[in-house]
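Survey of secondary and tertiary structure
For reference, the chains in residue letters:
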Amino acid sequence: MSIEALQSLADRAALFTALRQDQLHSATDALGPHRWDVDLAAGTLTFTSDADDTRTLVARAHLVASVAPGPRSLMWAWALPQGDPSGVVTRMREYGEQHGVTALTAAEVPFPADTGDDLDAWVDRFSHAVGGAAVEITGLSPYYPANVNRTRAVLLLEGLVEPLTVAAALIALPRILSELSLTDARTSVWDLARLAGWRLDWADADFTGATVTDSTGSASFRFDEFARIAGVEAHLSPQG
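First, a word on what this report is: a plain description of the structure on this page.

The rules behind each value
Residues numbered from 1 in each chain as written. Predicted model: local features only at pLDDT ≥ 70, side-chain atom pairs only at ≥ 80, totals over all residues. Heavy atoms only, no water. Helix = DSSP H or I, 4+ residues; strand = E, 2+ residues; numbered from the N terminus. Expected span 1.5 Å × (residues − 1). Buried < 20%, exposed > 50% of the residue type's maximum accessible area, 1.4 Å probe, protein only. Patch = residues over 30% accessible without salt bridge, like charges linked within 9 Å, V, L, I, M, F, W, Y side chains within 5 Å. Areas by Shrake-Rupley, 256 points an atom, 1.4 Å probe, with all protein chains shown as cover. Salt bridge = Lys/Arg side-chain N within 4 Å of Asp/Glu carboxyl O. Phe/Tyr/Trp six-rings, centres within 6.5 Å; stacked < 30°, edge-to-face > 60°. Lys NZ or Arg CZ within 6 Å of the ring centre and 35° of its normal. Contact = heavy atoms within 4.5 Å. Axes fitted to C-alpha atoms, helices over the stretch in contact; angles between N-to-C directions. Parallel < 35°, antiparallel > 145°, perpendicular 65-115°, else oblique. Arc of directions from axis to C-beta. Left-handed = near helix turned anticlockwise from the far one by under 90°.

It is worth spelling out the environment of Gly159 at this point. Its location among the elements puts Gly159 in the loop between strand S7 (151-158) and helix H6 (166-179). Between the C-alpha atoms of Gly159 and Ala59, which are 100 residues apart in sequence, the distance is 5.4 Å.

Here the focus is helix H2 (residues 14-29). Over its 16 residues, H2 extends 22 Å from the first C-alpha to the last, a length consistent with the 22 Å expected when each residue adds 1.5 Å. By the criterion of burial, H2 is predominantly enclosed, with 12 of the 16 residues buried. Of all the residues in H2, the buried ones are Ala14, Leu15, Phe16, Thr17, Ala18, Leu19, Arg20, Gln21, Asp22, Gln23, Leu24 and Thr28.

Together, Trp190, Trp202 and Phe207 give the surface a local cluster of nonpolar side chains, amounting to about 290 Å² of exposed area. Looking at the element boundaries, Trp190 is found in helix H7 (residues 185-196). Overall, the relative accessible area of 39% leaves Trp190 in the partly exposed class.

In this description, a pair of aromatic rings is defined by centroid distance and the angle of the planes. This model, assessed by the stated rule, comprises 6 aromatic pairs. Ring centres 5.2 Å apart and planes at 85° place the aromatic pair Phe47 and Tyr144 in the edge-to-face group. Of the two residues, Phe47 sits in strand S2 (residues 44-49) while Tyr144 sits in strand S6 (residues 143-148), which places them 97 residues apart along the sequence. Take Tyr144: its relative accessible area is 19%, and that puts it in the buried class. Here the aromatic rings of Phe111 and Trp122 are separated by 4.7 Å at their centres, their planes lie at 55°, and the arrangement is tilted. In this pair, Phe111 is assigned in the loop between strand S5 (108-110) and helix H5 (119-138) and Trp122 in helix H5, connecting sequence segments 11 residues apart. Through a chain of ring-to-ring contacts, the aromatic side chains of Trp36, Phe47 and Tyr144 assemble into a single cluster. The side chain of Arg93 reaches across the aromatic face of Trp78, ending 4.3 Å from its centre.

As a further point, take the side chain of Ser218. As for its position among the elements, Ser218 is in strand S10 (residues 217-223). When sequence neighbours within four positions are dropped, the list of residues in contact with Ser218 reads Val166, Leu170, Thr211, Val212, Thr213, Glu233, Ala234 and His235.

Here we come to the packing of helix H3 (residues 88-99) against H5. Viewed as axis vectors pointing N to C, H3 and H5 meet at an angle of 85°, and their least axial separation amounts to 10 Å. In this view, H3 runs roughly perpendicular relative to H5, as classed from their interaxial angle. Across from Val88, Arg91, Met92 and Tyr95 in H3, the residues of H5 making contact are Ala133, Ala134, Ile137 and Thr138.

Every buried residue of helix H1 (residues 2-12) is listed here: Ile3, Leu6, Leu9 and Ala10. Down the axis of H1, the smallest arc covering the buried residues is 115°, so these residues share one side. In this structure, the buried residues of H1 make contact with H2, strand S4 (73-76), H3, helix H4 (102-105), S5 and H5.

Running from N to C, H1 and H5 cross one another at 60°; their axes reach a closest spacing of 7 Å. The angle between H1 and H5 falls in the class oblique. Classified by chirality, the crossing of H5 by H1 is left-handed. Facing Ile3, Leu6, Gln7, Leu9, Ala10 and Arg12 of H1, the residues of H5 in contact are Trp122, Phe126, Ala129, Val130, Gly132, Ala133, Glu136 and Ile137.

Structure below.
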């Protein structure tokens, strides 16, 4: 049950997280083939082009957790030798204490007995759930699940990509929505606005639609009778 609670948190932030991960992929894809290096002491993650060592992307990195198939468990950063110097993951533990989420308050969270036949694939999916839950609680994004000898070190990143704007989101949304299954679209849209720092206005008391707005424009979401996103209309602000 504790692991399901992490997935529930990730689901709430799913739309915002998908857009932020898309920004991360666009930034790293621009490097072409590349490698990454993490320096936990310095708190940095660096992506470097294989073709040109001078082309790099550097982010401030916060270790969230280690998800390891060996011991079949997750260890939160505050319980690891490196600790949690920035206090980011300690904020997640405090959230767990306030809301009764035991998966956030236990130093080590064991995997469930049934992880399927492909443990590495399960670890990969779970690492993304941990990253999404971290985004939901802390507001920091994107995240990066670094693969180290089958273990995933889940990192929250700062300063690597620009803040998400409505205009930028509207470009990516058709593709993102075609690939993403939202468990609760209304909540995901509301949480997108909250995490991105946008204004949100509901269309009516029945929540049949919502409009999110920032300085770059607005996007109006329509929901069908099953509370799924039925359409999005763009209204971009003139750029001087």
